[in-house]
Amino acid sequence: MKTQRNAELGLLAFAMVLVAAYGATVEAGRIGEITPTFWVPAALLSVLFLGLHFVVRYTAPYADPVLIPAVALINGLGVGFLRRLDIGDALSEKEPIPGVFSGIGGRQLAWTLIALILAAILLLVVRDHKVVSRYAYTLGLTGIVLVMIPAVLPASISEVNGAKLWIRLGSFSIQPGEFAKIALVSFFAYYLVRKREVLSLASRRVLGIDFPRGRDLGPVVTVWLLSLLVLVFEKDLGTALLYFGLFIVTLYVATERASWLIIGLLLFFGGVYVAYLLGASVGGPFANFYDRAQVWLNPFDNENYERLGGSYQLVQGLLSLGTGGLFGSGPGGGSPRFVPEVQNDFIFAGMGEEIGLFGLSALLVLYLLIVERGLRSALAVRDSFGKLVAGGLSFTLGLQIFVILGGITGLIPLTGQTTPFLSSGGSSLMANWLLIAMLLRISNAARGPAASGGGTDRAGGPGKKAPAQLHGAMTEVIKP
Amino acid sequence: MPEFVLTVARFGFLILLWIFVFTVVGVIRRDLFAGVRSKSIVASPRGVGGAVPEGRPAKAKRGKAARQLVVTAGQLSGTRITLSEAPITIGRAEDSTLVITDDFASARHARLVPRDGQWFVEDLGSTNGTYLDRGKVSGPTPVPLGVPIRIGRTSLELRP
């Protein structure tokens, strides 16, 4: 198979042209003229992504050619939109146009730099994704600790807008849960590679569906309880859904049993419904969840709209999307600041106002393609651990996009998730670029020739060479 | 900045965005069909090549490329694997290309290797042996189209 590195370079150049064009359009639409420095963010990003491209060229030459350019475009447009917010703020305050490196746009540029350095380090250090499985239990423990830290910290440090997901130290804040998902995927993958036989073979058939034995349900129930605890103590449905969905899907990929999906969905919806009922009657730790559900069910209800922490944000976001219509008001032509937190959770609503449904769906297709390439690598890679990690990571990315977009558009209750690569914020950017680096590493193993053969070909008779490499052949796991 | 320029920039950006999306799809497409395209040039039309009468291992016919490995008997009956340039291993081991759970199969039972457009079957020292039609396979043996390779209770055939 060809390495396709030049295709990647071409796409990357195209993506950066688009980012520069977006910057220019924003300035033309907002300021009325194009400043001589409009190309600086795009040029800086180009240098950064080019650096990553060369790291990939030398450490993972067969990696998927589409991942980096698609992510780079989304990341670049995110930086562009944040800079557009800076410009808009400065204009409304009658201040001079901020420099390229100031404001949230400048900060996002810096975070991109750090995130790309981390991704490059991951690619340089982890030359074979199977190495990660050696640290599986350490990673699993790290993941759980990262998830739990904000829950046990006092609210003054960890709470932002009612959700306890943060560690805040002065002006610096990180969201440890973002990193936890990568650690947890690696752990789940390792655990399930070892247990898949038991989980998929020992079962009882009820109503035509194979259900696993009771004792094999242990870990699933543990993770379910863990995510419910997250729901209760960190008051965040999105994160809970993310971890639980992640585990169920990895389980499904490992065992090919649809019953896991059914059990998972039943458990999740059951848990959420009970939490809702408890919130309505008991209150206490469940009250926040009940409020959010009310906001979701009746956003235009006057009582919800007026209430502090009510549906104001959601309604403003919906109105933004509606104002944008099909083609949007043009980059720089909207008024995103009506939406609270437009730089974080509601960035899709803010962008939607300016690029319209037409532009948003392009972004969505790009996300879809990124997830598709990840799943493709999962199909093509030879080892079970790699399959589960790649599948789990891509699914998490997809699920996170679903959770936040579903929240913004009113499909599901709104929860504080970041939009991957787009929202302002370092943790999300760093964690998601690490995720992409891991996918690049696995896709390199999936598409490239192997460095060594099967290794266990002792069964070959005397005088026989070890079988030639199987890489390049698509695995087709076949069950009787 | 005149209104006209703004409008052009606005829609131009959206169109460029979609062109990017389609370019990405194009790259993925080329990636997916890179192997298939080249193979379809050498392959003969369906239904013309594969009619080697069963039970008589004919000589290897050149120019009729096998494109699929089909399981005709055994638990996996009906399974198809699309052939590429890569060899195919058959056995009970998890990392085989075709994982068969046949009581008479070894962990690494046999493999199929392409050489100059012809597929060869080779036994990897299995306990119960590999048979090409009725004959036991001792060394690398060319596999004609449509002739069954028997491993335990499983039968496999190459199809065009």
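What you are looking at is a predicted structure, and each value in this text was computed from that prediction instead of being measured.

1. A few points about the overall build of chain B
Phase 1 of the analysis: Across its full length, chain B holds 1 helix and 11 strands.
Phase 2 of the analysis: Seen in sequence order, chain B has helices and strands lined up from the N terminus as α-β-β-β-β-β-β-β-β-β-β-β.
Phase 3 of the analysis: Per-residue burial over chain B gives 36% buried out of 160 residues.

2. Things to note about the overall build of chain A
Phase 1 of the analysis: Helices and strands together make up the secondary structure of chain A, namely 16 helices and 6 strands.
Phase 2 of the analysis: Across the 480 residues of chain A, 52% fall into the buried class.
Phase 3 of the analysis: Within chain A, counting contacts between residues at least 6 apart in sequence, those at least 24 apart form 69% of the total.

3. Quick notes on the sheet that holds strand β9 (residues 141-142) of chain B
Residue and element names in this part refer to chain B.
Phase 1 of the analysis: Strand order in the open sheet made by the 5 strands is β4-β3-β5-β6-β9, with mixed pairing throughout. Strands at the two margins of the open sheet, each flanked by one partner only, are β4 (98-99) and β9.
Phase 2 of the analysis: Relative to strand β5 (residues 110-115), strand β3 (residues 88-91) runs antiparallel, the two being bridged by 3 bridges. Directly across from I90, in β5, lies its bridge partner A110.

4. Brief notes about the nonpolar core
Phase 1 of the analysis: One finds V19, L73, A119, L434 and M438 of chain A to be the most contacted residues of the largest nonpolar core, which totals 141 residues.
Phase 2 of the analysis: Counting residues per element, this core draws most heavily on helix α16 (residues 426-447) of chain A, which supplies 14 residues.
Phase 3 of the analysis: Among the nonpolar cores identified, the runner-up in size contains 26 residues, and L76, L98, V147 and L156 of chain B belong to it.

5. Digging into helix α10 (residues 258-281) of chain A
Residues and elements named next belong to chain A.
Phase 1 of the analysis: Here α10 contains 24 residues, and its C-alpha end-to-end distance of 35 Å stays within 8% of the 34 Å for a straight helix at 1.5 Å per residue.
Phase 2 of the analysis: Inspection of α10 places W260, I263, G264, A275 and G279 among the buried residues, and these make up the whole buried set.
Phase 3 of the analysis: Two residues or fewer after α10 comes G283, characterised by a positive phi angle close to 80°.

6. Concerning the domain arrangement of chain B
Phase 1 of the analysis: Each assigned domain of chain B is listed with its residue range as follows: domain 1 (1-28) and domain 2 (68-159).
Phase 2 of the analysis: The centre of domain 1 of chain B, based on its C-alpha atoms, is set 52 Å off from the matching centre of domain 2 of chain B.

7. Some thoughts on the UniProt feature "transmembrane region" (unreviewed entry) in chain B
Phase 1 of the analysis: As recorded in UniProt, the sites labelled "transmembrane region" (unreviewed entry) are residues 6-28 of chain B.
Phase 2 of the analysis: In this annotation, residues 6-28 of chain B is assigned 100% helix and 0% strand; the end-to-end C-alpha distance for the span is 33 Å.

8. Describing unusual backbone geometry
Phase 1 of the analysis: For K94 of chain A, which is not a glycine, the phi torsion comes out positive at approximately 60°.
Phase 2 of the analysis: Looking at the secondary structure, you find K94 of chain A in the loop between α3 (67-92) and α4 (103-125).
Phase 3 of the analysis: Residue K94 of chain A is classed as exposed on the basis of its 6 C-beta neighbours within 10 Å.
Phase 4 of the analysis: In this structure, D133 of chain B takes a positive phi of about 55° despite not being glycine.

9. Overview of the UniProt feature "domain: FHA" (unreviewed entry) in chain B
Phase 1 of the analysis: Mapped onto the present numbering, the UniProt feature "domain: FHA" (unreviewed entry) falls at residues 88-137 of chain B.
Phase 2 of the analysis: Here residues 88-137 of chain B runs as 0% helix and 46% strand, with 16 Å between its end C-alpha atoms.

10. Regarding the pairing of strand β11 (residues 154-159) of chain B
Residue and element names in this part refer to chain B.
Phase 1 of the analysis: Alignment of strand β1 (residues 68-73) against β11, held across 5 bridges, turns out to be antiparallel. By the bridge assignment for β11, V70 is matched with E157.
Phase 2 of the analysis: In this structure, strand β10 (residues 149-151) lies alongside β11, joined through 3 bridges in antiparallel fashion. From the neighbouring strand, I151 faces β11, where its bridge partner is T154.

11. Regarding the pairing of strand β6 (residues 118-123) of chain B
Phase 1 of the analysis: Note that β5 of chain B and β6 of chain B share 6 bridges and pair antiparallel. In the strand pairing of β6 of chain B, R115 of chain B is matched with Q118 of chain B.

12. Structural notes on the packing of helix α14 (residues 347-380) of chain A against helix α15 (residues 384-409) of chain A
What describes two packed helices is the angle between their axes and the distance between those same axes.
All names here are of chain A.
Phase 1 of the analysis: It is at 9 Å that the axes of α14 and α15 come closest, and there the two elements cross at 165°. Classed by the angle they form, the pair α14 and α15 counts as roughly antiparallel. When you trace α14 past α15, the crossing you get is left-handed. Two secondary-structure elements touch here, α14 through F348, A349, Y367, I370, V371, G374, L375, S377 and A378 and α15 through K387, A390, G391, L393, S394, L397, G398, I401, L405 and I408.
Phase 2 of the analysis: Classifying every residue of the contact of α14 with α15 gives 13 nonpolar, 5 polar and 1 charged.

The rules behind each value
Residues numbered from 1 in each chain as written. Chains lettered and ligands numbered in written order. Predicted model: local features only at pLDDT ≥ 70, side-chain atom pairs only at ≥ 80, totals over all residues. Helix = DSSP H or I, 4+ residues; strand = E, 2+ residues; numbered from the N terminus. Buried ≥ 20, exposed ≤ 12 C-beta atoms within 10 Å, placed from the backbone. Contact = placed C-beta atoms within 7 Å. Pairing = 2+ DSSP bridges. Core = buried A, V, L, I, M, F, W, Y, C linked by C-beta atoms within 7 Å. Expected span 1.5 Å × (residues − 1). Domains from an automatic or database assignment. UniProt positions renumbered as here; feature names shortened; annotations may be inferred. Axes fitted to C-alpha atoms, helices over the stretch in contact; angles between N-to-C directions. Parallel < 35°, antiparallel > 145°, perpendicular 65-115°, else oblique. Left-handed = near helix turned anticlockwise from the far one by under 90°. Nonpolar A, V, L, I, M, F, W, Y, C, P; charged D, E, K, R; others polar.

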